[in-house]
Amino acid sequence: MNKEEMGEFSNWFKKTFKKCYCEQGNLIDEDGFSELVQLVLDGEADDESRSVFEEKIKTCVKSNFTYEKEKSIQAEIKAKLCAHRSELPKDLAQTIKNSVNL
């Protein structure tokens, strides 16, 4: 991503993040927040977005729970894939990408 794209992403991330919370700061859109969690866990969030995210999960129990739940699901999937790597078809990644039109 170039600098302009990173700026657009950061603005989108902050705007989406803000929509996940009510005026009192409580998490109200768990699905939207889970999407942001995936971006953070996949290393796709820029430093500024990640910083905003990390500050919130330190102070919001529901946000932290959602983050930890998604993180543990991702870790479990990775562990299962690693444990069964030799059994996986070589073209699995391409098959998955094709199934979601990537």
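Look up a bit, the structure's there.
A brief report on the enclosed structure follows. (Residues numbered from 1 in each chain as written. Predicted model: local features only at pLDDT ≥ 70, side-chain atom pairs only at ≥ 80, totals over all residues. Heavy atoms only, no water.)

1. A few points about the packing of helix 2 (residues 30-41) against helix 3 (residues 47-59)
Step number 1: Where helix 2 contacts helix 3, the two axes come as close as 11 Å, and the packing angle between them is 120 degrees. Taken as axis vectors, helix 2 and helix 3 run oblique relative to one another. Like other packed secondary-structure pairs, helix 2 and helix 3 cross with a definite hand, here left-handed. Every residue of helix 3 that contacts helix 2 at Phe 33, Val 37 and Val 40 is listed here: Arg 50, Phe 53 and Ile 57.
Step number 2: In the contact of helix 2 with helix 3, the residues fall into 5 nonpolar, no polar and 1 charged. (Axes fitted to C-alpha atoms, helices over the stretch in contact; angles between N-to-C directions. Helix = DSSP H or I, 4+ residues; strand = E, 2+ residues; numbered from the N terminus. Parallel < 35°, antiparallel > 145°, perpendicular 65-115°, else oblique. Left-handed = near helix turned anticlockwise from the far one by under 90°. Contact = heavy atoms within 4.5 Å. Nonpolar A, V, L, I, M, F, W, Y, C, P; charged D, E, K, R; others polar.)

2. Thoughts on the pattern of salt bridges
Step number 1: Under the counting rule described, the total for this entry stands at 6 salt bridges.
Step number 2: Among the salt bridges present, the one from Lys 62 reaches Glu 30, with a minimum N-O distance of 3.4 Å. On the criterion of sequence distance, the pair formed by Lys 62 in helix 4 (residues 61-83) and Glu 30 in helix 2 is long-range, its members being 32 residues apart.
Step number 3: Given the relative accessible area of 34%, Glu 30 is considered partly exposed.
Step number 4: The partner of Glu 68 in a salt bridge is Lys 71, and the shortest N-O contact between them spans 3.6 Å. (Salt bridge = Lys/Arg side-chain N within 4 Å of Asp/Glu carboxyl O. Buried < 20%, exposed > 50% of the residue type's maximum accessible area, 1.4 Å probe, protein only.)

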